[in-house]
Amino acid sequence: MNDFASKTVAIVGLGLIGGSIARGLRTANPQQRLLAVDTDTDALNEAKTAGVIDAFTDLQSAITEADLVVLATPPLLIEELVPQLAEQESVDTVFTDVGSAKSHITRCVEAQSENFASRFVPGHPIAGSERSGFAASKGELFFGRNVILTPLASNRRDAIALVHNLWRALGADILAMSVQRHDKVLAATSHLPHALAFTLVDALLEQEQSDDIFRYAAGGFADFSRLASSDARMWSDVFVANADATEAMLEAYIGKLQAFQQLLRSKDKDAMKTVFVRAKRTRDNFIHKHFNSGLESSMETEQLSLKVSPGGKVEGEIRVPGDKSISHRSVIFASLADGTSQVTGFLEGEDALNTVAAFREMGVTIVGPENGAMTIHGVGMRGLQAPRSPLYMGNSGTAMRLLAGLLAAQSFDSELTGDESLSNRPMNRVAVPLREMNANLTTDEHGTPPLKISGSQLRGFHYDMPIASAQVKSCLLLAGMYAQGTTSITEPAPCRDHTERMLEGFGYHIQRDGACVSIEGGGSLKATDIDVPADISSAAFFMVAAAITPGAKLMLRHVGINPTRVGVINILRAMGANISIGNERSIGGEPVADIEVSYSPLKGISIPQDQIPLAIDEFPVLFVAAACAEGETVLRGAEELRVKESDRIQAMATGLQALGIDVETFEDGIRITGGQMSGGEVDSFTDHRIAMSFAVAGLRASSEIIIRDCANVATSFPGFVALAREVGFNISEQKGAQ
Ligand code: S3P
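Residues numbered from 1 in each chain as written. Predicted model: local features only at pLDDT ≥ 70, side-chain atom pairs only at ≥ 80, totals over all residues. Heavy atoms only, no water.

Draft legend 1. Geometry of the overall build of the chain. Each helix and strand in the chain was counted, giving 27 helices and 32 strands. The C-alpha radius of gyration of the chain comes to 29 Å, within 12% of the 27 Å expected for a compact globule of 738 residues. Out of the 738 residues in the chain, the part that is buried amounts to 54%. Long-range contacts, defined here as pairs at least 24 residues apart, represent 75% of the contacts in the chain between residues at least 6 apart. Here the chain contributes 64 positively and 89 negatively charged side chains, and the mean placements of these two sets differ by 3 Å. (Helix = DSSP H or I, 4+ residues; strand = E, 2+ residues; numbered from the N terminus. Rg over C-alpha atoms; globule rule 2.2 N^0.38 Å. Buried < 20%, exposed > 50% of the residue type's maximum accessible area, 1.4 Å probe, protein only. Contact = heavy atoms within 4.5 Å. Lys, Arg positive; Asp, Glu negative; His and termini not counted. Charge placed at Lys NZ, Arg CZ, Asp CG, Glu CD.)

Draft legend 2. Representation of the nonpolar core in the model. Grouped together as the largest cluster of nonpolar side chains are 86 residues, with contacts concentrated most on Phe542 and Phe720. With 11 residues, helix H21 (residues 536–548) is the single largest residue contributor to this core. By size, the runner-up hydrophobic cluster in this structure holds 70 residues, among which are Val356, Leu441, Leu476 and Phe506. (Core = buried A, V, L, I, M, F, W, Y, C linked by side-chain atoms within 4.5 Å.)

Draft legend 3. Here's a closer look at the pairing of strand E1 (residues 9–12). Judged by which residues are buried, E1 turns out to be covered on both faces: Val9 and Ile11 on one side and Ala10 and Val12 on the other are all buried. Taken together, the 4 bridges between E1 and strand E4 (residues 68–71) define a ladder with parallel strand orientation. Following the sheet pairing, Val12 is matched in E4 by Leu71. Pairing of E1 with strand E2 (residues 34–37), which is carried by 4 bridges, proceeds in the parallel orientation. By the bridge assignment for E2, Ile11 is matched with Ala36. Viewed along the sheet, the connection from E1 through helix H1 (residues 16–28) into E2 turns out right-handed. (Pairing = 2+ DSSP bridges. Right-handed = clockwise from strand over helix to strand, strands pointing away.)

Draft legend 4. Summary view of the packing of H21 against helix H23 (residues 619–628). Closest axis-to-axis distance for the H21/H23 pair is 9 Å, and the angle between their directions is 5 degrees. Of the possible angle classes, the one that applies to H21 and H23 is roughly parallel. Between H21 and H23, the contacting residues are Ala540, Phe541, Val544 and Ile548 on the first element and Val621, Val624, Ala625 and Cys628 on the second. Taken together, the residues of the contact of H21 with H23 sort by class into 8 nonpolar, no polar and no charged. (Axes fitted to C-alpha atoms, helices over the stretch in contact; angles between N-to-C directions. Parallel < 35°, antiparallel > 145°, perpendicular 65-115°, else oblique. Nonpolar A, V, L, I, M, F, W, Y, C, P; charged D, E, K, R; others polar.)

Draft legend 5. Main features of helix H15 (residues 324–336). The end-to-end C-alpha separation of H15 is 19 Å, in line with the 18 Å expected for 13 residues at 1.5 Å each. Counting buried positions along H15 yields 13 of 13 residues, so the element is predominantly enclosed. (Expected span 1.5 Å × (residues − 1).)

Draft legend 6. Up close: the side chain of Asp497. Of note, Asp497 is situated in the loop between strand E20 (486–490) and helix H20 (498–505). Asp497 sits in the buried class, given a relative accessible area of 6%. In terms of polar contacts, Asp497 uses its side chain to reach the side chain of Arg512, at 2.6 Å. Apart from the residues within four sequence positions on either side, Asp497 is in contact with Lys473, Arg512, Asn562 and Thr564. (Polar contact = N/O pair within 3.5 Å; in protein donor to acceptor, adjacent residues only side chain to side chain.)

Draft legend 7. Seen up close, the site of the ligand. Taken together, Ser325, Arg329, Thr398, Arg401, Ser469, Ala470, Gln471, Arg496, Ile616, Asp617 and Lys644 make up the full set of residues near the ligand. Here an oxygen atom of the ligand sits 2.8 Å away from a polar atom, N or O, in the main chain of Ala470. One of the side-chain N or O atoms of Asp617 is found 2.5 Å from an oxygen atom in the ligand. Given that more than half its atoms are within 2 Å of the pocket grid, the ligand belongs to the largest cavity. Those elements that provide at least two residues to the shell around the ligand are H15, helix H17 (397–408) and helix H19 (470–480). Within the shell around the ligand, the residues separate by chemical class into 2 nonpolar, 4 polar and 5 charged. (Near = heavy atom within 4 Å. 1 Å grid on protein atoms, 1.4 Å probe; cavity = no way out; pocket = protein on both sides within 12 Å on 5 of 7 lines; lining within 4 Å. Sits in = over half its atoms within 2 Å of the grid points.)

Draft legend 8. Region of the structure containing the pairing of strand E9 (residues 173–176). Residues Ile174 and Ala176 line the buried face of E9, whereas the alternating positions Asp173 and Leu175 sit on a face that is not buried. Note that strand E8 (residues 146–149) and E9 share 4 bridges and pair parallel. Bridge pairing in E9 links Leu149 to Ala176.

Draft legend 9. Broad picture of the sheet that holds strand E3 (residues 55–56). Ordered in space as E3-E2-E1-E4-E5-E6, the 6 strands form an open sheet in which the pairing is parallel. Since the sheet does not close on itself, it has two edges, and those belong to E3 and strand E6 (120–121), each with one partner. Both E2 and E3 contribute to a ladder of 2 bridges, which runs parallel. Note on E3: the bridge partner recorded for Leu35 is Ala55. Packed on one face of the sheet, H1 meets E1, E2 and E4 and runs near 160 degrees to E1. Set on the sheet, helix H7 (residues 157–169) makes contact with E4, strand E5 (94–97) and E6; between it and E5 the angle comes to about 50 degrees.

Draft legend 10. Broad picture of the domain arrangement of the chain. As assigned here, the chain comprises domain 1 (4–151), domain 2 (268–297), domain 3 (324–531) and domain 4 (533–736). Between domain 1 and domain 2, the C-alpha centre-to-centre distance is 37 Å. (Domains from an automatic or database assignment.)

Draft legend 11. Representation of the packing of aromatic side chains in the model. As enumerated under the stated definition, the model contains 14 aromatic pairs in all. With 5.3 Å between their ring centres and 50 degrees between their planes, Phe95 and Phe116 make a pair best called tilted. Residue Phe95 is located in strand E5, and its partner Phe116 is located in helix H6 (residues 114–118); the two are separated by 21 residues in the primary sequence. Assessed through its relative accessible area of 0%, Phe95 is described here as buried. Relative to Trp167, the ring of Phe142 lies with its centre 5.2 Å away and its plane at 75 degrees, an arrangement referred to as edge-to-face. Taken together, the residues span a long stretch of sequence, with Phe142 in the loop between strand E7 (123–125) and E8 and Trp167 in helix H7 at a distance of 25 residues. (Phe/Tyr/Trp six-rings, centres within 6.5 Å; stacked < 30°, edge-to-face > 60°.)

Draft legend 12. Highlighting the confidence of the model for the chain. Here the chain averages 94 in pLDDT, while 97% of its residues score no lower than 70. Predicted confidence is poor over residues 293–301, with pLDDT under 50, and the contacts of this stretch with residues over four places away or in other chains come to 10 contacts. (pLDDT = per-residue confidence, 0-100.)

Draft legend 13. Region of the structure containing empty space enclosed by the protein. This structure, assessed with the given rule, holds 1 cavity of 30 Å³ or more. By volume, the largest cavity amounts to about 370 Å³. Together, 28 residues line the largest cavity, and Gln471, Arg496, Ile616, Asp617 and Lys644 are the ones closest to its centre. Considering only residue class, the lining of the largest cavity consists of 6 nonpolar, 8 polar and 14 charged. (Points joined across faces, edges and corners; volume = space filled by probe spheres on them.)

What follows is the structure in structure tokens.
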């Protein structure tokens, strides 16, 4: 019997949700002791006779007998019950609820004792139907559905874990949000639609000959009005519980209805079409993404191109999104820490969000991100749970390689997969040294993903890295935290050291001795807060943009200038760029500054090899700078660029040549002769940095550049196009099927 199956669960309220919880647990853990409390004796008897529950009881006995009490009553009743639950101070029972509004319950819980509040973990399964009562309940109701937890700051780790395990046993995907966001989101996506359905049916009822109207009502009415068949008691409670947020949504919606009324009055067909096209696209995308329905084939080929026209400017003051490398690491270390960490400035790009999803799947409660802020309830070094399905790392080599080291040391098995680009990237660079540590993992026959990992006890070792790779170094440091003895790694050239800095920030001792870093296994991490600086790799696009555009002057705020990342500044300065760095400060162990770049003519250079690891992600845009510089720029010793998200030497050479630039490639580099770029069409090869580099090129091209296949920009730089427009680029997105 697994640990959760040995816990007694009491369900208060045996309706649709409570009954479905009982049925689901009975199927998942047939031996688990399940109790129920309800005033409906018929439902209790039916559940007992069907073997869905072991016994029914009263509230006070449920609290003393159960390890976990689930409140599945209408929301206002939950609020009434809370003070009674809190009376029994001597027990260690954990509580959760399923209410679809959270502020009122949270307020009420927090008004009780600290001890009680530490054991009450609010939750809300986003599942249900217009049907109600125990008779409508079904064990698979939560399978593959989202459950939102809104943990309190005071929640105990074991209480959160127990509630997690409840929903895990029921097959749900577990998310977490702040209470305020939850109530706002639910007001928009559930409470408002229910209000509309109830009131629409009610409005039709008041029409003369309503019987006739209903007789002729076809599928549209049935679809739209389905929610009006929901339980009246439950829904009047929900609206009262979430009145403020729902009213705000309703207010906004009334505005939309009035605008539509105007369109009707003026019979403005085009304006209506614009609204409907936008709504249709939004809904189709949403259904595709979240329900994966039959729209798949048409959506898969949905394309995003960027169009950049000449004449753009680069001026003003901006802050680019958070650092990708630091964002990944903040999730990893905060998840493994003891205690709760707050992260701000987090990059809400697809890559880092996949890392968040992976840790959620492994049992970590992560609230957010909301505007870059997250609260991560760490589970401790040994607290991760086996993922129920392969962990999808999207486009991110960093996530896959770092997680490989961590997962190799766990007591469970796991599998890491990725998108097409990641599925072609080399993984032996981590698999081979990990095996030397006794790790048990396989790649496919080409040394590429998926990575299949069997957790094992690792041994410390020494590794001389053949390539300067922060991903490999970080992978081995993560493995080293769990290995017996010491793990030491020597790098052939300095590469980014965010892992080392973050380990120190979380109180894990490491030894740094020149090019060698060593770590002793068996330590622990103490939760800490992290402020993620703006990503210098994202800032680089705007630095080059300002450097190549006559008249440009741009201030980039709060940029991370870790010495292992500043190659782009060093190289641009060597080419003659005008860059000043001010307001230098240290934020959570990482140096940060404001960077001002203004136009000055650039000249070609031979790029010093020691700058390669320090500018490893910035070469695509540096090649654009080279195309705008006078004379030749030569890069050698950079074969690593061929195994990034695309073969970046080839991808840039192909694009620059299409724009009329003279380019010669080598296995390990490129020679670019500066000249006038023409317009034309280029391919991003689905690589975010290639796409953004050619967007920058558009500032100096003689005519329009179209960049194909740019959806991946969202992996590292959500909002790139908007920010580029803000500083003066003539850039737009073009959506459409291929
Ligand atoms: C990264 C390291 C670099 C870099 C990548 C992020 C990291 O890769 O290209 O975008 O966060 O550790 P390598 O370490 O493989 O050079």
